[in-house]
Amino acid sequence: MELIKISTITDSRGRLSFVESTKDIDFDIKRVYWLDQTTPGSDRGAHAHKKLHQLLIALSGSVTVDLDNGKEQSQIVLDTPGTGLIIRPMYWRDLKNFSDNAIVLVLASELYSEQDYYRNYEDFLHASRIS
Ligand code: T46
């Protein structure tokens, strides 16, 4: 897990922000998706990935991300588009406390593949202990 500063240029017209593969993040971006219109009290995530690297940016609003690598737990609040959270493989993640206006952009290193998910925490824990 790493927090990175997002490159931003602000002028009289507003703000422009960008992320470049290999410069800002150490993986190529193969997929982009975003979370919005989250319903009150809803959580997302509750899984880990085998190979996927992702960068999460709260473009609007805020979200709390709980992370667990099988040994240590941490919690990050994303509440500014100026900061991105890189989540590496083998981190269980729970996204919660979405604000009303939350929009979370995700830049992912792989195409979508259900085979890449651990959706059962015990399976993830077992795999994290033997890896
Ligand atoms: C993650 C968090 C932050 C697709 O068909 N293509 C996609 O690219 C994605 C991300 C999902 N889906 C399908 C799979 C499910 O049928 O969309 C449905 C909902 O996906 P899921 O329950 O995995 O959504 P979240 O918000 O719990 O998790 C997602 C990502 O899956 C995950 O990688 O880290 O956002």
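Residues numbered from 1 in each chain as written. Predicted model: local features only at pLDDT ≥ 70, side-chain atom pairs only at ≥ 80, totals over all residues. Heavy atoms only, no water.

1. So, the sheet that holds strand 10 (residues 92-96)
- Taken in spatial order, the five strands line up as 8-7-10-5-12 in an open sheet, and their pairing is antiparallel. In this open sheet, the two edge strands, each paired with only one partner strand, are strand 8 (73-78) and strand 12 (117-118). (Pairing = 2+ DSSP bridges. Helix = DSSP H or I, 4+ residues; strand = E, 2+ residues; numbered from the N terminus.)

2. Examining the packing of aromatic side chains
- In total, this model carries five aromatic pairs according to the counting rule given.
- Ring centres of W92 and F124 lie 5.6 Å apart, and the angle between their planes is 40°; on these two criteria the pair is classed as tilted. You can see W92 sitting in strand 10 and its partner F124 sitting in helix 1 (residues 121-130), a full 32 residues away along the chain. Judged on exposure class, the residue W92 and its partner F124 are both buried.
- With centroids separated by 5.8 Å and ring planes inclined at 45°, the aromatic side chains of Y121 and F124 adopt a geometry described as tilted. In this pair, Y121 and F124 both sit in helix 1, three residues apart, roughly one turn of the helix. (Phe/Tyr/Trp six-rings, centres within 6.5 Å; stacked < 30°, edge-to-face > 60°. Buried < 20%, exposed > 50% of the residue type's maximum accessible area, 1.4 Å probe, protein only.)

3. A short note on the pairing of strand 10
- Where strand 5 (residues 44-49) lies against strand 10, three bridges are found, and the strand directions are antiparallel. Each residue of the ladder has a partner; that of H47, found in strand 10, is R93.
- In terms of strand pairing, strand 7 (residues 63-68) meets strand 10 through five bridges, oriented antiparallel. Within strand 10, the position partnered with D68 by the bridge is W92.

4. Some remarks on the environment of I25
- The topology assignment puts I25 in the loop between strand 3 (14-18) and strand 4 (31-35).
- What makes I25 buried here is its relative accessible area of 2%.
- Residues I25 and Q54 lie 29 residues apart in sequence; the distance between their C-alpha atoms is 9.3 Å.
- Those residues in contact with I25, other than ones at most four positions away along the chain, are I4, V19, E20, L55 and I86. (Contact = heavy atoms within 4.5 Å.)

5. Describing the site of the ligand
- Taken together, 13 residues are adjacent to the ligand, and R31, R44, G45, H49 and Y117 come closest.
- G45 has a polar backbone atom sitting 2.8 Å from an oxygen atom of the ligand.
- For the ligand, the accessible surface in isolation is 650 Å², of which the surrounding protein chains cover 68%.
- At four residues, the largest contribution of residues to the shell around the ligand is made by strand 5.
- Looking at side-chain class alone, the shell around the ligand contains five nonpolar, four polar and four charged residues. (Near = heavy atom within 4 Å. Polar contact = N/O pair within 3.5 Å; in protein donor to acceptor, adjacent residues only side chain to side chain. Areas by Shrake-Rupley, 256 points an atom, 1.4 Å probe, with all protein chains shown as cover. Nonpolar A, V, L, I, M, F, W, Y, C, P; charged D, E, K, R; others polar.)

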